[in-house]
Amino acid sequence: MMAMAMASTGPLQVELRGLGTSWRTGRSGPVRCGLGGRGRLGRRWVIGVQSEVVHGKGHVRGGREVVSGRRRAGVRRVVADAGAVKTDESGSLIESKVEGDEKDDVVEYDWEKEWYPMYLVAEMPKSAPLGLTVFDKKLVLFYDGNGEINCFEDRCPHRLAKLSEGQVIDGQLECLYHGWQFNGSGQCTKIPQLAPGAKIPKQACAKTYAVKVSQDIIWVWLADKSTADPSKLPWFEHYEKEGFQHISSIHELPYDYSILLENLMDPAHIPISHDRTDRSAKRENAQALVFEVTERSSRGFAGVWKEISSPTFTNTTRFEAPCCLRNDKLSVDDKGKEVQSSAVFLCRPAGQGKSMLIVRFGSTGFPKAIKSIPSWLIHSTSSSVFEQDMGFLASQNEYLIKTNRPTKDLYLNLKSSDTWVSEFRKWNDKTGHGMPYYFGHETLSLPKNPALTEAAPAGVAAATASTYPAQGSFGQMFARDPTNRYFRHVVHCKSCLSTLNAFQKYQKVSPSHNILRRSVESDSLKTRSTSHLLYSQSCVCRTDSSFQLNFTPEKLQSSRMCKVKQSISGSLNCLFMIS
């Protein structure tokens, strides 16, 4: 099968490409182009350099190598893979922009010279190191003796052991392997094996990164600390508004961060995928949407959107590099007061096929009583939402990697639903050359090295990953299961984890848990495995002051208490089970 791409202006050029051959026709007739050999990705032949390209660096477009650079004025072209050109007779598809416009050229971008959202301050462990990842860079966070959060490369300079597997002793980060200790500035302060009178080598220091805490979020700058740019640190002004309240949580997800962002900026899927998850999502309300892009830059894009049935634009969306997405909505309450609702999604690339999300829902219209609602009850809903999407998003991630083609060749984007998705992938076209890997609209770059699974973590991680409730995944004894809610959310949430621990203690000492167990099993055994069922019910009691249930045999037997028990256990069943 052949594909054809025609220039819209300038000298008429039509490229006809079949298997292993490239033809270019002009006004004077067809001319056969030479072939350049195998492409960078090893699957397609490289098309010879086009005459309109003057100079530049080679990169992949649509699975083949194309030389990019400044193009001669008046020459524009659209390139598509063989068999990938889509015709749109209905006029409902998003058209690809013809190349050659200055605004479509690549822009300077360095993924390391950015601030990345690492963790919520409230969830940061006080007395233990925390290992996290940005793209393929392993990092470790910890509190030093001065109560400051520090970030190191997650490797000991001695023999490359992971510092995140160690421990914090008197504000010093100690390596688990040989006991080397490091202070907050990365200097080694102790080597147990050092000979008497010998000095610690100057080279024995950990690589450090700049850290900023802003609006309860820990941010890390991945380039040299001297280049840290405070102006790039995201700031959300509405969080400083009087009466603005928010709820935050962390979720680890088993697919690429770009797929996560794509999903979160897609309002069209909500009525279908999340039907009845809350009262705002109903599949019968699915309809065409109207989008208007108001801003484009090398830092991202912004715009407004509405349902086609709505008379005015009430929703705004803003994406800001490298991984911040904000959705806002203005409405009027029953008293005629303007209410601002906001969803901020901080999506960090956490390795190949992995992402970590800090989600923050806020509003000036939240009732004051929201603070009295237990966090685990609210987190159950957000966890359920991500589980509803998780299966097909993970499958989408796998397909993008296997097919090795940009989204232009694979997606059928509609003007009435996918405008933000198209804008985001085109932004990747401009900036992806400065990332370790990316999937763009017309270009892509897969990771140079495949991801490695650390099948046997050490220390605390090994004890956690290899014990109840989930013993391994994908046939490996110690690997964490990214589809299990315990590892996706609970281990990152002090509220949910303490709730779980509290009821596990209660379960051991109270005979009444057998009544609860039989009740939950009768409702859930048809769809859940027994092992996960027993785990999910082990979190029914909060021990903090905001919410506490004291179960006794007498209370459990009362009809009123049974209704409370069923409601709470149902929510907890949703909170801790895998989808």
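Just so it is clear, the structure is predicted and the values come from calculations on it, not from any experiment.

Tallying secondary structure elements over the chain gives 11 helices and 27 strands in all. Evaluated residue by residue, the chain yields a buried proportion of 49% over its 579 residues. Here the contacts in the chain between residues at least 6 apart in sequence split such that 55% fall between residues at least 24 apart.

Here A321 and P322 are connected by a cis peptide whose omega angle stands at 0°. Relative to the elements of secondary structure, P322 occurs in the loop between β22 (315–320) and β23 (324–332). Look at L160: it is not a glycine, yet its phi comes out positive at around 70°. Residue classification places L160 among the exposed positions, given a relative accessible area of 57%.

Before going further, it helps to examine the side chain of E123. Within the secondary structure, E123 is located in the loop between β9 (115–120) and β10 (130–134). Buried and without a salt bridge, E123 has K494 as its closest oppositely charged side chain, separated by 5.7 Å. There is a polar contact of 2.7 Å between the side chain of E123 and the backbone nitrogen of K494. For E123, the residues in contact, after removing those within four places along its chain, are I250, H492, C493 and K494.

The four strands lie next to each other as β13-β14-β15-β16, forming an open sheet whose pairing is antiparallel. Here the strands that pair on one side only, and so sit at the sheet edges, are β13 (167–169) and β16 (188–190). Sheet analysis places strand β15 (residues 181–182) next to β16, joined by two bridges and oriented antiparallel. Paired with F182 across the strands is C188, a residue of β16.

Another aspect to go through is helix α3 (residues 375–403). For an α-helix, 3.6 residues make a turn, and residues three or four places apart therefore share a direction. Counted at 1.5 Å a residue, the expected span for α3 with its 29 residues is 42 Å, and the 41 Å between its end C-alpha atoms agrees. Along α3, the largest kink reaches about 45° and is centred on M390. Two residues or fewer past α3, N404 is found with a positive phi of approximately 60°.

On to the pattern of salt bridges. In total, this model carries 15 salt bridges according to the counting rule given. Between E387 and R485 there is a salt bridge, and its shortest N-O distance comes to 2.4 Å. Placement of the pair is E387 in helix α3 and R485 in helix α6 (residues 485–488), with a sequence separation of 98 residues. The salt bridge partner of E398 is K402, with a shortest N-O separation of 2.9 Å. Residue E398 and its partner K402 are located together in helix α3, separated by four residues, close to a single helical turn.

Moving on to the sheet that holds strand β12 (residues 149–153). The six strands lie next to each other as β9-β18-β17-β12-β11-β10, forming an open sheet whose pairing is antiparallel. Each edge of the open sheet is held by one strand with a lone partner, namely β9 and β10. Going across the sheet, the axis of each strand differs from the next one's by a mean of 30°, ignoring polarity. Pairing geometry for strand β11 (residues 137–143) and β12, over five bridges, is antiparallel. Its bridge partner lying in β12, L141 is registered against C151.

The next thing to look at is the packing of helix α1 (residues 257–264) against α3. Where α1 meets α3, the axes come as close as 10 Å, and the angle between the chain directions of the two elements is 130°. Judged by the inter-axis angle, α1 sits oblique to α3. Two packed elements cross with a definite hand, and for α1 against α3 that hand is right-handed. Mapping the contact onto sequence places I259, E262, N263 and L264 in α1 and F386, D389, L393, Q396, N397 and L400 in α3. The class makeup of the residues in the contact of α1 with α3 is five nonpolar, three polar and two charged.

Residues M118 and L357 are the most contacted members of the largest nonpolar core, which totals 73 residues. In contact with L357, other than residues within four places in its own chain, are S249, I250, H251, L253, L260, L264, F345, L346, C347 and F386. Within the second largest apolar cluster, 15 residues are counted, among which are V140, C156, C188 and I191.

Running from N to C, α3 and helix α7 (residues 494–509) cross one another at 115°; their axes reach a closest spacing of 9 Å. In terms of orientation, α3 and α7 fall into the roughly perpendicular class. The hand of the α3/α7 crossing is left-handed. For the pair α3 and α7, contact is made by S375, W376 and H379 and by S495, C496 and T499, respectively. Taken together, the residues that form the contact of α3 with α7 break down as two nonpolar, four polar and no charged.

Residues at a pLDDT of 70 or more form 65% of the chain, whose mean pLDDT is 74. Segment residues 1–85: pLDDT under 50, and 180 contacts once partners within four positions in sequence are set aside and those in other chains are kept. Low confidence marks residues 460–478, where pLDDT is under 50. Its contacts with residues over four positions away, or in another chain, come to 35 contacts.

Turning next to helix α4 (residues 419–431). Taking 1.5 Å of rise per residue, 13 residues should cover 18 Å, and α4 covers 19 Å from first to last C-alpha, within 8% of that figure. Counting buried positions along α4 gives 13 out of 13 residues, so the element sits mostly inside the fold.

Counted according to the given criterion, the structure contains 16 aromatic pairs. With 5.1 Å between their ring centres and 80° between their planes, W111 and F135 make a pair best called edge-to-face. Placement of the pair is W111 in the loop between β8 (64–67) and β9 and F135 in the loop between β10 and β11, with a sequence separation of 24 residues. Here W111 matches F135 in class, with each residue buried.

Secondary-structure assignment places N428 in helix α4. N428 sits in the buried class, given a relative accessible area of 1%. Apart from residues no more than four positions distant in its own chain, N428 is found in contact with M435, Y438, F439 and G440.

The pairing of strand β20 (residues 289–297) with strand β21 (residues 300–307) spans eight bridges and is antiparallel. The residue bridging L289 from the neighbouring strand is E307, located in β21. The loop that links β20 with its antiparallel partner β21 comprises two residues.

Criteria and thresholds
- Residues numbered from 1 in each chain as written.
- Predicted model: local features only at pLDDT ≥ 70, side-chain atom pairs only at ≥ 80, totals over all residues.
- Heavy atoms only, no water.
- Helix = DSSP H or I, 4+ residues; strand = E, 2+ residues; numbered from the N terminus.
- Buried < 20%, exposed > 50% of the residue type's maximum accessible area, 1.4 Å probe, protein only.
- Contact = heavy atoms within 4.5 Å.
- Lys, Arg positive; Asp, Glu negative; His and termini not counted.
- Salt bridge = Lys/Arg side-chain N within 4 Å of Asp/Glu carboxyl O.
- Polar contact = N/O pair within 3.5 Å; in protein donor to acceptor, adjacent residues only side chain to side chain.
- Pairing = 2+ DSSP bridges.
- Expected span 1.5 Å × (residues − 1).
- Bend = angle between axes of the 7 residues up to and from the residue.
- Axes fitted to C-alpha atoms, helices over the stretch in contact; angles between N-to-C directions.
- Parallel < 35°, antiparallel > 145°, perpendicular 65-115°, else oblique.
- Left-handed = near helix turned anticlockwise from the far one by under 90°.
- Nonpolar A, V, L, I, M, F, W, Y, C, P; charged D, E, K, R; others polar.
- Core = buried A, V, L, I, M, F, W, Y, C linked by side-chain atoms within 4.5 Å.
- pLDDT = per-residue confidence, 0-100.
- Phe/Tyr/Trp six-rings, centres within 6.5 Å; stacked < 30°, edge-to-face > 60°.

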